[in-house]
Amino acid sequence: MQLTTKNYPLRLYTWSGWSSDHKKITGEIHAHSITLARLELLQQGMTVTFIRKKMQPWLFKQSKILSRDIAMFFRQLATLVNAGISLVQCLDVLSQNHQHPKLQLLIQSLKNDVEAGNNLAHAMRAHPGLFDHLTCQLTYIAEQTGTLDTLLTRLANHQEKTLALKNEIKQALAYPCFILIMALLITTAMLIFVIPHFVEIFANFQVKLPALTRHVIQFSTFIINDYWLAPLPVIVNCAIIYYYKKSPTLKKNLDTVLLKTPWLGTFLKKVIFTRITRTLATMLTAGLSITNALTMLSEISTNHIIQTALTQLHSDINAGKRIHEALQNAAIFPPLMTRMIKIGEESGTLETMLEKIAVFYEADIAYWINNFSHLLEPLIIMILGVLIGGLVIAMYLPIFKLGTVI
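## Brief notes about the overall build of the chain
Looking only at helices and strands, the chain has 16 helices and three strands in total. When its C-alpha atoms are laid out on the principal axes, the chain stretches across 100 × 70 × 35 Å. Pairs at least 24 apart in sequence give 59% of the contacts found in the chain among residues at least 6 apart. Total accessible area on the chain stands at roughly 24,200 Å², and carbon and sulfur atoms take up 62% of it.

Listed below in C-alpha cells is the structure:
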C-alpha cells in the first residue's frame, strides 16, 4: 500500500522508545502523519513505545509564516545554491538553522518532496498559500533550463523590494491612522461621559442654547441611546468588500473611481506600474515569452482596469504589434513608460529597461510618501482641533452667553 502525503502537512512529533541495543531513547521527528513517523522510526531500528504530536503552549504559539520569512528563505537558498551546494543539502541546512518552527516544517516538507524525486516547483505547489502560481511557474522554468541559481537570486530581490515598498507605505500610514483612532476614541469618550454633565448644568439656564451646542448635545444623546448602531459602518464596509470580490460590475466601478481619484489614483498607478515592470522583467529573464508573461500578469492583477489593459496588450502583441506600439493604444500606461520600453526593445535590453522603470517609480513613490507625511502633520492638527476643540467651544458657548446676559 502506497501512503500519500499530499493532504497531510508536515508536523513535529515527540517520541520515546528503545534502540536496537536496548537503550531508552527519546526524541523528536518531522513527519506528515503519526503513522509515517512510526514507520520512519521503525526503519531506523527503533521500537516506539510512545509518540504524539508536539504541542506548544498557547502563550508561546509561533506566528504564521510572513512574507518577510519567505523573502529571507529565497535569499538564503539563493546564496547556498550559488555556492554550488546541491538543492537537497541546501534545504537540509536551512531546515536545521531556522528558529521559526513553522518555517522549519515548510523547508523540511520541501526537502522531503525533492528527496522523493520531485522538482522544487512541484514541492512549492503543495503550499499555495505561501508560494503563488507565478513563483512556482518561474521556478519550474528555471529548473528545466538549468538557471535555478540565477532565478532564486532574482526572486529574492523581487520579494525583498516588493516587501520594502509595502512596508514603506504601511509606515507612512501607521502614524496618521493611530492619531485619528485616538482622536475618535477621545471624542467618543467626551460625548458619552463629559457632555451629559454639561447638559445637567445647562438645564438650569433660562436661555436658548447656541445652535452648535444643541447639535453636539443631540449627537451625544444619539451616541448614548443608539449605541447599537455603532457597528453599522463596519458592517457596511464588510458588505462592500464582500460584494467587491463577488460582483465584477462593482469591482470595475470601484477600481475606475480609485484610479481617477486625484492624488490617490496617481499614487496607486505608480505602485501598480512598479509591480508590473519588475515582475515582467523577472519573467522575461527566466525565459518566459512576452505573451505568456502578460497572460500571467493579467491573472495575478487585482485591479480590473489594469487586468483589462494587460489582456488587450496580449491581444495586440499576438496580432503582430511590438510592445511599445501596443502600450500606445492603452491610455492607462504613461508615455514615459512607453518611451523607455521602446528604447529597451530597439537596443535589446528590455529586461534591464523594465528594471530601470521600476526603480524610477520606486523613487517617485518614496518622494511622494515623504511629501505626504509632511503635509499630513498640519492636516492631523487641524482635524484634532476641529474634533476636540469644537466640542470644548460648543460646551463653553452657553457659559459665555450667560455672562453677557448678566
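## Side note on the nonpolar core
Most often, soluble globular proteins have nonpolar side chains that are buried together. Membership of the largest hydrophobic core comes to 65 residues, with the highest contact counts inside it found for Phe73, Phe74, Leu77, Phe131, Met283 and Phe333. Ranked by the residues each element gives to this core, the list is headed by helix α11 (residues 264-286), at eight residues. Ignoring anything within four residues of it in the chain, the contact list for phenylalanine 73 reads Leu91, Leu94, Ile107, Leu110 and Phe131. Residues Leu191, Phe198, Val216 and Ala394 belong to the second largest nonpolar core, which totals 12 residues.

## Some remarks on the environment of alanine 330
Within the secondary structure, alanine 330 is located in the loop between α14 (323-328) and α15 (335-347). For the pair formed by alanine 330 and threonine 308, sequence separation is 22 residues and the distance between their alpha carbons is 9.9 Å.

## Digging into the packing of helix α3 (residues 87-97) against helix α4 (residues 101-115)
At a minimum axis separation of 8 Å, α3 and α4 run at an interaxial angle of 160°. As the angle between them shows, α3 and α4 are arranged roughly antiparallel. Our pair here, α3 against α4, has a crossing hand that is left-handed. Contacts from Leu87, Val88, Leu91, Asp92, Leu94, Ser95 and Gln96 of α3 reach α4 at Gln104, Ile107, Gln108, Leu110, Lys111, Val114 and Glu115. Residues of the contact of α3 with α4, tallied by class, amount to seven nonpolar, four polar and three charged.

## Observations concerning the packing of aromatic side chains
In this structure the tally under the stated criterion is 10 aromatic pairs. Here phenylalanine 74 and phenylalanine 131 contribute two aromatic rings whose centre-to-centre distance is 6.0 Å and whose plane-to-plane angle is 80°, an arrangement assigned as edge-to-face. Placement of phenylalanine 74 in helix α2 (residues 67-82) and of phenylalanine 131 in the loop between α5 (120-125) and α6 (133-145) is noted, with a sequence separation of 57 residues between them. Among the aromatic residues, ring-to-ring pairing joins Phe273, Phe333, Phe360 and Tyr361 into one connected group.

## Thoughts on helix α8 (residues 211-225)
Residue pairs three or four apart in sequence face the same way in an α-helix, which turns once every 3.6 residues. In a regular helix each residue adds 1.5 Å, so 15 residues correspond to 21 Å; α8 covers 21 Å between its end C-alpha atoms and thus fits that length. Taken as a whole, α8 has its buried residues at Thr213, Val216, Ile217 and Ser220. Seen from one end, α8 has its buried residues packed into an arc of 100°, which puts them on one side. Relative to its buried face, α8 has exposed residues pointing more than 90 degrees away, namely His215 and Gln218.

## Remarks on the state of the cysteines
This model, assessed by the stated rule, comprises zero disulfides. Cysteine 177 carries a free sulfur, and the closest cysteine sulfur to it, the one in cysteine 238, is 17 Å from it. For cysteine 177, a relative accessible area of 40% gives the class partly exposed.

About the criteria used
- Here the residue numbering is sequential within each chain, running from 1 through the sequence in written order.
- Given that this is a predicted model, residues contribute local features only at a pLDDT of at least 70 and side-chain atom pairs are listed and counted only at 80 or more, while totals for whole chains, interfaces and linings are drawn from all residues.
- Water and hydrogen atoms play no part in the side-chain values, which are based on all heavy atoms of the structure.
- Labels follow the DSSP assignment, with helices taken as runs of H or I lasting at least four residues and strands as runs of E lasting at least two, numbered in each case from the N terminus.
- Here, residues are in contact when the closest pair of their heavy atoms is within 4.5 Å.
- Methods summary: accessible areas were calculated by the Shrake-Rupley approach with a probe of 1.4 Å, and residue burial reflects only the protein chains presented.
- Take the buried residues of types Ala, Val, Leu, Ile, Met, Phe, Trp, Tyr and Cys, join any two whose side-chain atoms come within 4.5 Å, and each joined set is a nonpolar core.
- Per-residue accessibility, obtained with a 1.4 Å probe over protein chains only, is compared with the maximum for each type, and a residue is labelled buried under 20%, exposed over 50%, and partly exposed between these values.
- All axes here are fitted lines through C-alpha atoms, helices being fitted over the stretch that makes contact, and every angle between N-to-C directions spans 0 to 180 degrees.
- Angular relationships are summarised with four words: roughly parallel below 35 degrees, roughly antiparallel beyond 145, roughly perpendicular across 65 to 115, and oblique for the angles in between.
- Should the near helix be turned anticlockwise from the far one by less than a right angle, the crossing is termed left-handed; should it be turned clockwise, right-handed.
- Residues are sorted three ways: Asp, Glu, Lys and Arg are charged, Ala, Val, Leu, Ile, Met, Phe, Trp, Tyr, Cys and Pro are nonpolar, and all the rest, Gly among them, are polar.
- Only the six-membered ring of Trp is used, alongside the rings of Phe and Tyr, when aromatic pairs are assigned; centres must lie within 6.5 Å, and planes under 30 degrees apart are stacked while those over 60 apart are edge-to-face, with the rest tilted.
- Expected span, for any helix, means 1.5 Å times one less than how many residues it has.
- This arc is built from the directions going out from the helix axis to the C-beta atoms.
- Two cysteine sulfurs form a disulfide in these notes if their separation is within 2.5 Å.

That is the geometry; function is a separate question.
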